[in-house]
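Residue-level structure breakdown
Each chain is listed here by its residues.
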Amino acid sequence: MKYFISDLIVGMSHFSEFADWIESQRNPEFGIEFTAFTHNSSYWQALSKKVPTMTCPLTFHGPYVQIEATSDIGSSEHQWLMESYKKVFALAAANQVRHIVFHYSQLQFDKEEIPQKQKNAYHVMRDLTKLANQMGINFVIENLCKQKEKHHLFTNEEYFQIFDNIPDAKSLIDIGHANVNRLDIEKFLAIYGQRVKGFHVHNNDGVSDQHLDYHNGTADIREIMHWIGKYTTDADIVLEYEPHEKLLHQELLEEIAELKGWVEEGK
């Protein structure tokens, strides 16, 4: 297991300084998850220069701004997604990035739209899984959080089915999203645990996606860490907080140590 903090906590304008702090820890089990956005060319250029300077473990959150996997296949939106992920894959492959997170949709839908939108998302997931496997990259499909209006692209049961329908697909479980959706994390890990390559750790009230400190919310993080220790072997544990969580560097290190201890308890 390796442990990471997402640069989401500091925002796009401060990712480089945050990376420098993580690099300064000189811990081979501790690294950063970079937000690999491609819609902002200056940001992408800065990230592309920063990543090769890093020696700590790295993961990427793939692009999701101005990116939509349910767009019609062959459309300009679909072409942009594929071009963006090819850029991200190339940077990851050149720098030993441990996984790349994928969002299958940023939208909610009317019920009658769902079959075609799912078909489009499956097309993208299959193509990117194949390309990632060819390049030796862990491309991980995240369980996303349902919203308050309209219909989510995949139900909990349909999220399970992705990994039956794409036998070589890999997963990242977002614990906060699972808490809102009531996804059965232990059941998923018991079935697909060796294909789960990462976890996003944050908490919420069980109603909305708040990205709170994992101590504050209704998900039992310690129990989930025990399941991770039991069912997975080399997953990446990523603290994924938004900037409203004002933790000091020392507090973040203490949380990483606590999570590691809880994983060890479950083995």
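The following refers to the structure shown.

Quick notes on the rules
All residue numbers refer to position in the chain's written sequence, counted from 1. Local features in a predicted model are, by the rule used here, given only for residues with pLDDT of at least 70; side-chain atom pairs are given and counted only at 80 or more, and totals for whole chains, interfaces and linings are based on all residues. Processing note: side-chain calculations cover all non-hydrogen atoms of the structure and skip hydrogens and water entirely. Using only the protein atoms, space was sampled on a 1 Å grid; points where a 1.4 Å probe fits but cannot get out form cavities, open sets with protein on both sides within 12 Å along at least five of seven lines form pockets, and lining residues are those with an atom within 4 Å of a point. Grid points are joined across faces, edges and corners, and a volume is the space filled by probe spheres set on the points. Charged residues are taken to be Asp, Glu, Lys and Arg, nonpolar residues to be Ala, Val, Leu, Ile, Met, Phe, Trp, Tyr, Cys and Pro, and polar residues to be all remaining types, Gly included. Two rings belonging to Phe, Tyr or Trp (six-membered ring only in the last case) form a pair when the distance between their centres is within 6.5 Å. Interplanar angles under 30 degrees mark stacking, angles over 60 mark edge-to-face geometry, and anything in between is tilted. Starting at the N terminus, helices and strands are each numbered in turn, a helix being any DSSP run of H or I of at least four residues and a strand any DSSP run of E of at least two. Here the term buried applies to any residue with accessible area under 20% of the maximum for its type, exposed to any over 50%, and partly exposed to those in between, with areas from a 1.4 Å probe on protein chains only. What qualifies as a polar contact is a pair of N or O atoms within 3.5 Å, subject to a donor-acceptor requirement within protein and to the restriction that residues adjacent in sequence count only when both atoms come from side chains. Any pair of residues with heavy atoms lying within 4.5 Å of one another is described as a contacting pair. At least two bridges found by DSSP between two strands is the condition for calling them paired. Crossover handedness is defined by viewing with both strands directed away from the observer: a clockwise path from the first strand over the helix to the second marks the crossover as right-handed.

1. Regarding the layout of surface pockets
If you add up the space inside the largest pocket, you get close to 320 Å³. Together, 19 residues line the largest pocket, and His103, Gln106, Leu144, His177 and Asp209 are the ones closest to its centre.

2. So, empty space enclosed by the protein
Here the idea is plain: a probe the size of a water molecule rolls over the atoms and shows the empty space left. Tallying each qualifying case throughout the model produces two cavities of 30 Å³ or more. Put simply, the largest cavity is a space of about 50 Å³. As for the largest cavity, its lining consists of Tyr104, Asn143, Leu144, His152, Phe154, Thr155, Asn156, Tyr159, Asn181 and Leu183. The residue makeup of the lining of the largest cavity, split by class, is five nonpolar, five polar and no charged. Size it by volume and the second largest cavity reaches roughly 40 Å³.

3. Details of the packing of aromatic side chains
For the structure on display, the rule yields 21 aromatic pairs. Between tyrosine 122 and phenylalanine 154, the ring centres sit 5.9 Å apart and the planes meet at 90 degrees, which makes this aromatic pair edge-to-face. Placement of tyrosine 122 in helix α4 (residues 114-135) and of phenylalanine 154 in the loop between β5 (139-142) and α5 (156-165) is noted, with a sequence separation of 32 residues between them. Phenylalanine 154 matches tyrosine 122 in its accessibility class, with the two residues each being buried. Note on tyrosine 214 and tryptophan 262: the rings are 5.8 Å apart at their centroids and 70 degrees apart in plane angle, and the pair reads as edge-to-face. Taken together, the positions of tyrosine 214 in the loop between β7 (196-201) and α8 (221-231) and tryptophan 262 in helix α9 (residues 249-266) put the pair 48 residues apart, joining distant regions of the chain. Here tryptophan 262 falls in the buried class, since its relative accessible area comes to 12%.

4. Remarks on the side chain of asparagine 204
Along the polypeptide, asparagine 204 turns up in the loop between β7 and α8. For asparagine 204, the side chain forms a polar contact with the main-chain oxygen of glycine 176, separated by 2.8 Å. Among the polar contacts listed, one links the side chain of asparagine 204 to the backbone nitrogen of glycine 206, at a separation of 2.8 Å. Sequence-distant contacts of asparagine 204, defined by excluding residues within four places in its chain, comprise Gly176, Asn179, Val180, Gln210, Leu212, Asn216, Gly217 and Thr218.

5. Considering the environment of asparagine 179
Structurally, asparagine 179 is set in helix α6 (residues 175-181). Here the alpha-carbon distance between asparagine 179 and threonine 155, two residues 24 residues apart in the chain, equals 14 Å. Beyond its immediate chain neighbours, meaning those up to four positions away, asparagine 179 contacts Asn203, Asn204, Gly206, Thr218 and Ala219. In terms of polar contacts, asparagine 179 uses its side chain to reach the side chain of asparagine 204, at 2.8 Å.

6. Focus: the pairing of strand β2 (residues 30-35)
Judged by how many residues are buried, β2 sits mostly within the fold: six of six residues are covered. Relative to β2, strand β1 (residues 2-6) runs parallel, the two sharing four bridges. Considered in β2, the bridge of tyrosine 3 is made with phenylalanine 30. For the handedness criterion, the β-α-β arrangement of β1, helix α1 (residues 15-24) and β2 is classed as right-handed. As for the winding sense of the linkage, the β-α-β connection from β2 through helix α2 (residues 41-50) to strand β3 (residues 58-61) is right-handed.

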